[in-house]
Amino acid sequence: MVLLSPSRRLRRTPFSDGVEAAGVSAYTVYNHMLLPTVFRSVQEDYHHLKSAVQLWDVACERQVELRGPDACRLMQMLTPRDLRGMLPGQCYYMPIVDETGGMLNDPVAVKLAEDRWWISIADSDLLYWVKGIANGWRLDVLVDEPDVSPLAVQGPKADDLMAAVFGDAVRDIRFFRFGMFQFQGRDMVVARSGYSKQGGFEIYVEGGDIGMPLWHALMEAGAGMDVRAGCPNAIERIESGLLSYGNDMTDDNTPHECGLGRFCNTHTAIGCIGRDALLRVAKEGPVQQIRALAIDGPAVPGCDRWWPVRANDKVVGRLSSAAWSPDFGVNVGIGMIRMTHWDDGTDVVVETPDGPRAAVVQENFWN
Ligand code: THG
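Every chain begins its residue count from 1, and numbering advances along the sequence as written. Per-residue local features of the predicted model are confined to residues with pLDDT of at least 70, and side-chain atom pairs are confined, for both listing and counting, to 80 or more; whole-chain, interface and lining totals are unaffected and use all residues. The side-chain quantities take in all heavy atoms of the structure and omit both hydrogens and water.

Asks: It is not clear to me how the sheet that holds strand β18 (residues 314-325) should be interpreted in this structure. Could you clarify?
Replies: Strands belonging to one sheet form pairs held by backbone hydrogen bonds; the direction of such a pair is parallel or antiparallel. Two strands pair under a simple rule: DSSP has to find at least two bridges between them. A run of H or I in DSSP becomes a helix once it reaches four residues, and a run of E becomes a strand once it reaches two; helices and strands are each numbered from the N terminus. The 6 strands are arranged β16-β19-β18-β17-β20-β21 in a closed barrel whose pairing can be described as antiparallel. Within the sheet, the average angular offset between the axes of one strand and its neighbour, ignoring direction, is 40°. Sheet topology places strand β20 (residues 347-352) next to strand β21 (residues 355-362); 6 bridges connect them, and they run antiparallel. When the sheet's bridge partners are listed, Asp 347 is paired in β21 with Val 360. Where helices are involved, their axes are fitted lines through C-alpha atoms of the stretch in contact, as for all axes, and angles between N-to-C directions lie from 0 to 180°.

Asks: Just to check I follow, could you spell out the site of the ligand for this structure?
Replies: Near the ligand lie 18 residues; those nearest to it are Asp 106, Ser 120, Lys 197, Glu 202 and Tyr 204. The definition of a polar contact used here is a pair of N or O atoms within 3.5 Å, where within protein one atom must be able to donate a hydrogen and the other to accept one, and adjacent residues in sequence count solely through side-chain atom pairs. A distance of 3.3 Å is found between a nitrogen atom of the ligand and a backbone nitrogen or oxygen belonging to Ile 121. One of the side-chain nitrogen or oxygen atoms of Glu 202 is found 2.8 Å away from a nitrogen atom of the ligand. Along the lines of polarity and charge, the residues of the shell around the ligand split into 11 nonpolar, 2 polar and 5 charged. Nearness is defined per residue: one heavy atom within 4 Å of the molecule or strand is enough. All residues other than Ala, Val, Leu, Ile, Met, Phe, Trp, Tyr, Cys, Pro, Asp, Glu, Lys and Arg, Gly among them, are scored as polar; the first ten of these are nonpolar and the last four charged.

Asks: What is the right way to look at the sheet that holds strand β10 (residues 142-144) in this model?
Replies: As summarised here, the arrangement of the 5 strands in space is β5-β8-β9-β4-β10, forming an open sheet in which the pairing is antiparallel. Two strands in the sheet have a free side with no partner beyond their single neighbour: β5 (91-93) and β10. If you compare each strand with its neighbour and ignore which way they point, the axes differ by 15° on average. Sheet topology note: the strand β8 (residues 108-113)/strand β9 (residues 116-120) ladder contains 5 bridges and is antiparallel. Looking at the pairing, Val 110 lines up with Trp 118 of β9. Throughout, a contact is declared for two residues whenever any of their heavy atoms are within 4.5 Å. Contacting β4 (63-67), β8, β9 and β10, helix α3 (residues 71-78) runs over the sheet at an angle of about 30° to β9. In the packing of helix α4 (residues 126-136) onto the sheet, contacts are made with β4, β9 and β10, and the angle to β10 comes to roughly 165°.

Asks: What am I meant to see in the packing of aromatic side chains here?
Replies: Given two aromatic rings, their pairing is described by the distance between the two centres and the angle made by the two planes. Two rings from Phe, Tyr or Trp (for Trp, the six-membered ring) form a pair when their centres are within 6.5 Å of each other. A pair whose planes differ by under 30 degrees is stacked, one over 60 is edge-to-face, and the rest are tilted. Evaluated as defined, the whole model comprises 8 aromatic pairs. Their ring planes at 25° and their centres at 6.3 Å tell us that Phe 15 and Trp 215 sit as a pair that is stacked. Residue Phe 15 is found in the segment before α1 (16-21), and its partner Trp 215 is found in helix α6 (residues 211-221); the two are separated by 200 residues along the sequence. Just as Phe 15 is buried, Trp 215 falls in that class too. Above the plane of the ring of Tyr 92 lies Arg 81, whose end atom (NZ or CZ) is 3.7 Å from the centre. Here, over-ring charges are defined by two tests on the NZ atom of lysine or the CZ atom of arginine: distance to the ring centre within 6 Å, and angle to the ring normal within 35 degrees. Above the ring of Trp 306, the side-chain terminus of Arg 318 is found at 3.8 Å from the ring centroid. Using a 1.4 Å probe on the protein chains alone, a residue whose accessible area is under 20% of its type maximum counts as buried, one over 50% counts as exposed, and one in between counts as partly exposed.

Asks: Please clarify how the pairing of strand β17 (residues 307-311) should be interpreted in this entry.
Replies: Each regular strand shows side chains that alternate between the opposite faces of the sheet. Only one face of β17 is buried, namely the one carrying Trp 307, Val 309 and Ala 311, since none of Pro 308 and Arg 310 on the opposite face is buried. Bridging between β17 and β18 involves 5 bridges; their strand directions are antiparallel. Directly across from Val 309, in β18, lies its bridge partner Gly 317. Between β17 and β18, which pair antiparallel and follow one another directly, the connecting turn spans 2 residues, one of which, Asn 312, has a positive phi of 50°. Inspection of the sheet shows β17 paired to β20 by 2 bridges, in the antiparallel sense. When the bridges of β20 are listed, Arg 310 appears paired with Val 349.

Asks: So what exactly am I meant to see when it comes to the side chain of Ser 16 here?
Replies: Assignment of secondary structure puts Ser 16 in helix α1. You can call Ser 16 buried: its relative accessible area is 1%. Within the local environment of Ser 16, its side chain forms a polar contact with the backbone nitrogen of Thr 13, the two atoms lying 2.8 Å apart.

Asks: Is there a simple way to think about the nonpolar core in this case?
Replies: Within soluble globular proteins, side chains that are nonpolar tend to cluster in buried spots. Within this scheme, the nonpolar core is defined by two criteria: the residues are buried Ala, Val, Leu, Ile, Met, Phe, Trp, Tyr or Cys, and they are joined through side-chain atoms within 4.5 Å. Ranked by internal contacts, the top residues of the largest apolar core, which has 75 residues, are Val 153, Met 162, Phe 166, Ile 203, Leu 214 and Leu 218. In terms of residue count, helix α5 (residues 158-166) provides more of this core than any other element does, 6 residues in total. Formed by 26 residues, the second largest nonpolar core is a distinct cluster that contains Ala 71, Met 86, Val 130 and Ile 133.

Asks: Is there a simple way to think about the pattern of salt bridges in this case?
Replies: Opposite charge on two side chains allows them to pair when their charged atoms are near. Take a side-chain nitrogen of Lys or Arg and a carboxyl oxygen of Asp or Glu: if they are within 4 Å of each other, that pair is a salt bridge. Considering all chains together, one arrives at 20 salt bridges under this definition. Between Asp 17 and Arg 12 there is a salt bridge, with the nearest N and O atoms lying 3.0 Å from each other. For Glu 145, the salt bridge is made with Arg 62, and the minimal N-O distance between the two is 3.1 Å. In this pair, Glu 145 is assigned in the loop between β10 and β11 (148-154) and Arg 62 in the loop between β3 (53-57) and β4, connecting sequence segments 83 residues apart. Residue class for Glu 145 comes out partly exposed when judged on its relative accessible area of 33%. Assessed through its relative accessible area of 5%, Arg 62 is described here as buried. Through salt bridges with shared partners, a single network forms among Arg 11, Arg 62 and Glu 145.

Asks: Looking at this structure, I do not really get the environment of Pro 286. What am I missing?
Replies: Inspection of the secondary structure assignment puts Pro 286 in the loop between α8 (275-284) and β16 (288-295). For Pro 286, a relative accessible area of 22% corresponds to the partly exposed category. For Pro 286 and Arg 338, which are 52 residues apart along the polypeptide, the C-alpha to C-alpha distance reads 9.0 Å. Not counting residues within four places of it along the chain, the set of residues in contact with Pro 286 comprises His 256, Glu 257, Val 281, Met 339 and Trp 342.

The following block contains the structure:
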């Protein structure tokens, strides 16, 4: 892979200086912004994430802010997840679909107040869809991208590190809830969430100027906890079954195909765009679905395109993510598998760039 040429279009983040001082060795681009992918090596980063604590520059999880009297109504137009029971202080993982029921994004929604929400987006230009709906329906709501940059603190020692900087009260934040905490006199949303299953928090940092002071404070407080700069880890997130929009699913897929049916309440999500299409697919059920795959043999190369999945020489699916798992001693993968072959324990063959590999379809992921 060649280097990325910097320009104004490829946005840096409030934490990029810290990330680079910490020796980032690879970036990807996410929401037109830099997202670190490797520091020491993907495997070293993985072991460290699972045993210590890391600071992640996930500023690329941009916020779409909805503010005004119609914010609630617009939110429910965007998602088949029923939001009526959601209270300020809660976060919801939710699919966002188009009029055909195709996935446009799979963000975390943050309800700040009845009339103020953040949609913490995955890698697609959701802002334009939301602005288009708000204007087309003449809704009384402001839609924009605020200067808010999430910083994640992930790993088994995340509670201790966060308590050292924000006080012991952060330990009481429940999963997918948030509280307001102060750092150097600035209010920050601190949520127990993040793109790993090792536990941790996300700090929604408002104002780029406070980014590096917070980064340094966390690094200093964590010196005795072996804190390091890290990033979403390919191996850990595949083991955990955390989906990557644009990789594991696109707007060609329904939430049900993505295994996100549990986050849809299509019958009661009145006003949701794509509701009729989803009611149809929910009734009939999907004909393909996301599955975990265990792939035989030595470490597979990185997966940067679909790998065909076959059985008896017929294509029965495609693999979108794969990595060698040191902890499970097998290659872990995520693929979209047709219903004829999606049962737990089904033998298939994955066409890797290194040649065909035997694999087993699994109902469940590893964590
Ligand atoms: N945090 C925040 N914003 C984000 C992400 C994040 N935006 C981009 C991307 N990640 C969105 N995708 C996901 C995918 C999975 C989860 C969160 C965001 C996730 N899933 C858990 C699971 O599937 O087990 C929990 C879901 C639940 O039970 O509600 O956390 O990471 N701010």
